[in-house]
Structures are given as C-alpha cells and as structure tokens.
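Summary of the model geometry
Okay, here's what each chain looks like letter by letter:
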Amino acid sequence: MPPINYGDTAWVLASSALVLLMTPGLALFYGGMVRTKSVLNMLMMNFAAMGVVSVLWVAYGYALSFSTDRFHGLIGGSDAFGLRGTFDALTGADGDKIPVLAFAAFQLMFAIITPALISGAIADRAKFGSWILFVAVWTTVVYFPVAHWVFFFDGGNGGWIADGLKAFDFAGGTAVHVNAGAAALALVLVLGRRVGWPKEKFKPHNVPMVLLGAALLWFGWFGFNAGSALAANGLAAIAFMNTQVAAGAALVGWIIVEWLRDGRPTALGGASGAVAGLVAITPACATVEPIGAIALGLIAGAVCALAVGLKYRLGFDDSLDVVGVHLVGGALGAVLIGFLAAPFIAGTGGVAGLLYGGGFTQLGKQALAVAAVAVYSFVLAYAIGWAIEKTIGFRVSKEAEIDGIDTAEHAESAYDFAPTTGSGGAFALAGVGASRAPRVDEAEPERSGEKIPG
Amino acid sequence: MKLVTAVIKPYQLDAVKEALHALGVSGLTVSEVQGYGRQKGHTEVYRGAEYAVEFVPKIRVEVLTDEIDVDKVVDAVVTAARTGKIGDGKVWVTPVEDVVRVRTGERGLDAL
C-alpha cells in the first residue's frame, strides 16, 4: 500500500473543520436578515442540518455518493453503509494519499451546508418538523445522487458529470449552489408568500450579524474551495487565491450597482456581494487564472445585485434571496468556466475556454451540467415539498407567523432587551410584561389554593 | 401646577437636562419614544428594496413645575433643545390638578 501523505491529510482535516464552520456562519448571515421574532428559527433550521445530515451521511449518504457506481454514473451502492470498509482505506493519487475517512468527513460538511442554504428562501414560515423531514428526504434523493454525479471520480466509471460529461465543478457550483438554489425556488412556490409580503416591511433586524456570518462564510470558504484540491499543493494555492480575489471583486461589483442605482453602498450589499462572489468562484476556482477570477467576481457581484430585485417583479417571496445569489451565482460561475478556463491552470487539464481559444465545447458541457442539476433538484424538491404540504403541512398557521415563529415553534425568544419585556428597562425591573418565576409567597399552594403559575 | 412635556432629539437630552438643573429643577422623567412631525421619517434600502422608516426615535422629557416657574422651564427646554434644523421637536404645557409624593404623602406644591 502506498504511504499516506501527512501534509495533505492535515490540510483536508483542517479544511473539513473550516467547511463545517460555514453552516453556523450561514445561520448568522441569514439570521441577521430576518426579523427579531424569527431569528432563532432561522438559526435552528441551519443547525438542524448539522444534526440530521451527519447521521444520514454515516448511515448511507457517503455510500450513495462515493462508493462504486451502480447505475450509469447516477448513484453509488451500499458498499460503505455505516462507513464500513473505509476505516483503513486510503484515497487520492499516488503521493497524495489521504485516509478515506478524512475525505468522507470533508464531503460530509458539503452535504450539511447544501440543504442549509435552502432555508433562507422559506424564512419565517416553515414548520420545524416539516423542515427536518424535507432536509432528510431531499438530501437522500437529491444531494447524495448529485454529489455522486459531480464529485465522484473513478477512472472514467464515476459520476456522469464528473467522469462522463467532464464538466468542471471544482468545489460545488452545481452540486451545492445550483442544487440548493433550484430547490429553494421550488419551496418558495410550494409554501407561498409570507403574510403581508411584499406590502409590509421585512427589514433585516441585525446587519452586523449578517456581516459576521458573511465573514465566517468567507473564512470557511477557503476550506471549501482550496480544500477541494484534497492535497496541500499548487492546485489548492490557485483555488485559495482565486477564492479571495473573486469574493473581493464581487463585493466591489455589488456595491457599484447599489451606488449607481440607489445612491448609497450598503453594508448588507457588501456582505451579499462577497457571498455571491464566493458562490460563483466555487466551481471555477481551479480552472481560471486570478485575472479571470476578478472578471468572474465583478460579473457575479453585479448580476446577483440585479437578480435579487427580480422576486418583486415575479411575486416570489424568496425571503433571503437564495435563488438570486446561489442559483444565479452558481450557474454563472459554472457557465463562465466555458469562457474563462485557462489551459495553463492546473485544474483544467489543458482544456481551454472560449476566450482562450477553446471553442464552444466546454461551454456546452458546463451549461448542460447546470441545467441537469437545476431541473433534477427543482422537480424533486417541488414534489417533496408538495407531498409534505399535503400530508403533515409545511407552513405554520397564520397566527403563529404573525406572532413570531420563534415562540410558536420553539417556545423561545431571541432577545431580552426590548423595552417592555427585557432585562434592561424599567418595565423589566418591575417584572412587567416579562415572564417571571413565582415568588415564594405566591407559590404556597396551601394558602392560595391555586396551582403554581408558570 | 403644570406639566411641561417636551419631545426632543435624543442628542439634545444632555443639554436639556443641564439647563433644567441650572434652573434648580429637582427632578424629571425621560422616556424613549418614536414618532414623526413635519420632517416625517427617512428611507432605508436593503438589497435594493426601499423601506420607509416613518417613526423617528425621540426622547420625551416630563417636568412638573409650579405656575410661577413654568415659562422659565419652557424657555430653558426650548433653548437647550434647539438646533435650528427640522425635527427639533415640540414642547407643551398642561395643567395638573394634584401631585402626591409617594414616600411622605405630601400633596400639591409641597410634593414638587
């Protein structure tokens, strides 16, 4: 057996932790954008994915995604249920061997964040139990197969997009972002608009929280993209540099649009632009040169800034713009590879995009990969969402939505410093409006003859 | 007795408090309020969508005073709260029938 490469293994394990951190980062990014009364639900929709998907991944997810192909590049088999048979195995090219378990841990984090991304589209209105069920079913019938299509290389016998079509998706522009964005669009259609949208205001309640989330996403994304080299090498380095410069360029692109259109560049726009750039560079980070990454970032930032306004014209309450950022940004990044693939960059294997004299071939492959993932994910997400809505119901009651989903679904409220309910104001000092523990003299059942309140 | 109520810009609170203190006013009550007058609110933009923020944060100051000092109190508040810009607020005076100091039970002017 060839020897394990310790440097590569260390990088992949560290990258796995970085990618895991993206999901709490996403939770904060989304959580800051919702209102005070639904921030905990938004955080929990994301954290729940960390719980549910981890279990599914070990049980059968890894096997369906990454064990030997069973059917025309569409799905893996049952060889590695429970991760059995992977414990001593190594994977990777000679000289870059890492434990299969390190690879499995790394890929698990991708499987977690993909369904989590969808949550922003249906903020404030999804039953928590129904969301958990959706995550479990969608991850099983959509994410695991699509990860097999896109990420499973097996010497020509792997996933159909990876090994057959040979479309480039280095770190998941299609498998993660187009996939989640298309599912988000489907759920928006199944669940419908929030009460009052778009007439009423749904102002973000904590923009600094959004920026904190964006910062954690940005930081974690180096694991997502550079970690996808599965080795601590030059491929990881180019992916790392492209990730940084595309995020920066997209931040600039987004706020330029705001400056020209609205008169002011916003903090929310800056954070959104960075994320849009990170999404767009994800598929392309190992196939474009840094100058290409700047172009790709600028385009992605500007296009996504314009795309998020479309929901008002179309009447879709994609609450936190999952479609406008992840579907549009992911598709854009994947398709732009067809133009910007630089044959001298390691990840292309010598293939050139249109602007580097490569003709339309790769562009067509990229477009086909995007379309296949988008259609598959949209159709199945719609079907799963529809089935849940028709059986156990997917939406909370109108009353719960108006009163706030945090108290309705979780019996919690996020903040305790509102004037009449919090701990800081005069009302709170008097216990007015806030729930409080019964005083000792109130709590003597013999004297009052009543039950202890609360 | 009179109740002087002033709705002012939050930043002017310290100046108003100092001016009243200089007059010898021994107590006042402040509260955070929101509202709009002629200046209306302002517009905020999130991801290109405009939100009209109609209610502007203000501070309400309430001072009890006797009838002799009421004009001095009003002048002090108005002078201290004025910036000359739209949105400086309003001050109004209402008659008060009775006042009781909770600790001692004193009533009327003795309770001020």
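All residue numbers here refer to positions counted from 1 along the written sequence of the relevant chain. For naming, the first written chain is A and the first written ligand is 1, with later ones following in the order written. Two thresholds apply to this predicted model, a pLDDT of at least 70 for residue-level local features and 80 or more for giving and counting side-chain atom pairs, whereas whole-chain, interface and lining totals are computed over all residues. Computation of side-chain values covers all heavy atoms of the structure but excludes hydrogens and water.

Here we look at the overall build of chain A
- Each helix is a run of DSSP H or I of at least 4 residues and each strand a run of E of at least 2, with the numbering of both proceeding from the N terminus. Within chain A, the secondary structure is distributed over 17 helices and two strands.
- Computation of the radius of gyration draws on C-alpha atoms, with the globule rule given as 2.2 Å multiplied by the number of residues to the power 0.38. In terms of overall size, chain A behaves like a compact globule, its C-alpha atoms giving a radius of gyration of 23 Å where 454 residues would be expected to give roughly 22 Å.
- Oriented by its inertia axes, the alpha-carbon framework of chain A measures out at about 85 × 55 × 40 Å.
- Residue burial in chain A is summarised as follows: out of 454 residues, 54% are buried.
- Taking contacts inside chain A between residues at least 6 apart in sequence as the whole, the part at least 24 apart equals 75%.
- Accessible area of chain A: about 18,100 Å², with a carbon and sulfur share of 67%. Think of it in three bands: residues with accessible area under 20% of the maximum for their type are buried, residues over 50% are exposed, and the middle band is partly exposed, with areas taken using a 1.4 Å probe on protein chains only. Residue contacts follow a heavy-atom distance rule, with two residues in contact if any of their heavy atoms lie within 4.5 Å. Only the protein chains shown count as covering a residue, and every accessible area follows the Shrake-Rupley method with a 1.4 Å probe.

What about the interface of chain B and chain A?
- Of the residues lining the interface, nine residues belong to chain B; the matching set on chain A comes to 18 residues.
- Here's the idea: put two parts together, see how much 1.4 Å probe accessible area each one loses, and the total over both is what we call buried area. Taken together, the two surfaces of chain B and chain A that pack against each other cover about 1,100 Å², and 56% of this comes from carbon and sulfur.
- On the chain B side of the interface with chain A, the three residues burying the most area are Tyr46, Arg47 and Tyr51 of chain B, jointly 69% of the side's total.
- Should a side-chain nitrogen of Lys or Arg be within 4 Å of a carboxyl oxygen of Asp or Glu, the pair is scored as a salt bridge. Put simply, chain B and chain A have two salt bridges between them.
- Lys203 of chain A is the salt-bridge partner of Glu44 of chain B, the closest N and O atoms lying 3.0 Å from each other.
- The term polar contact refers here to a pair of N or O atoms within 3.5 Å; inside protein, the definition further demands a hydrogen-donor-capable atom paired with an acceptor-capable atom, and it admits residues adjacent in sequence only when both atoms are side-chain atoms. In this structure, the connection of chain B to chain A is made through four residue pairs in polar contact (both at pLDDT 80 or more).
- Contributions of two or more residues to the side of chain B that touches chain A are made by β3 (42-46) and β4 (49-53) of chain B.
- Among the residues forming the side of chain B that touches chain A, the class breakdown is six nonpolar, one polar and two charged. The classification used treats Ala, Val, Leu, Ile, Met, Phe, Trp, Tyr, Cys and Pro as nonpolar, Asp, Glu, Lys and Arg as charged, and all other residues, Gly among them, as polar.

Topic: the environment of Trp160 of chain A
All names here are of chain A.
- Within the fold, Trp160 resides in helix α5 (residues 160-165).
- We classify Trp160 as partly exposed; its relative accessible area is 23%.
- C-alpha separation for the pair Trp160 and Val141, spaced 19 residues apart in sequence, amounts to 16 Å.

Here's the deal with helix α7 (residues 207-226) of chain A
Residue and element names in this part refer to chain A.
- Between its terminal C-alpha atoms α7 stretches 28 Å, which fits the 28 Å expected from 20 residues at 1.5 Å a residue.
- Note on bend: the value at a residue is the angle between axes fitted to the seven residues ending there and to the seven starting there. The sharpest bend along α7 comes to roughly 30°, located at Gly220.
- Counting buried residues along α7, 14 of its 20 residues qualify, which places the element largely inside the surrounding structure.
- For α7, the N-terminal cap is Asn206; the gap from its side-chain oxygen to the backbone nitrogen of Met209 is 3.0 Å. For a helix, the expected span equals 1.5 Å multiplied by the number of residues minus one.

Description of the domain arrangement of chain A
- Domain parsing of chain A yields domain 1 (6-401) and domain 2 (419-454).
- Domain start and stop positions are those given by an automatic or database domain assignment. A separation of 47 Å is found between the C-alpha centroids of domain 1 of chain A and domain 2 of chain A.

What to know about a nonpolar patch on the surface
- Nonpolar side chains collect at one region of the surface, where Val252, Ile256, Trp259, Leu260, Ile291, Ile294 and Leu298 of chain A lie side by side and expose about 690 Å² of accessible area between them.
- Of note, Leu260 of chain A is situated in helix α8 (residues 234-262). Think of a patch as exposed residues, more than 30% relative accessible area, with no salt bridge, where like charges cluster within 9 Å and nonpolar side chains (Val, Leu, Ile, Met, Phe, Trp, Tyr) cluster within 5 Å.

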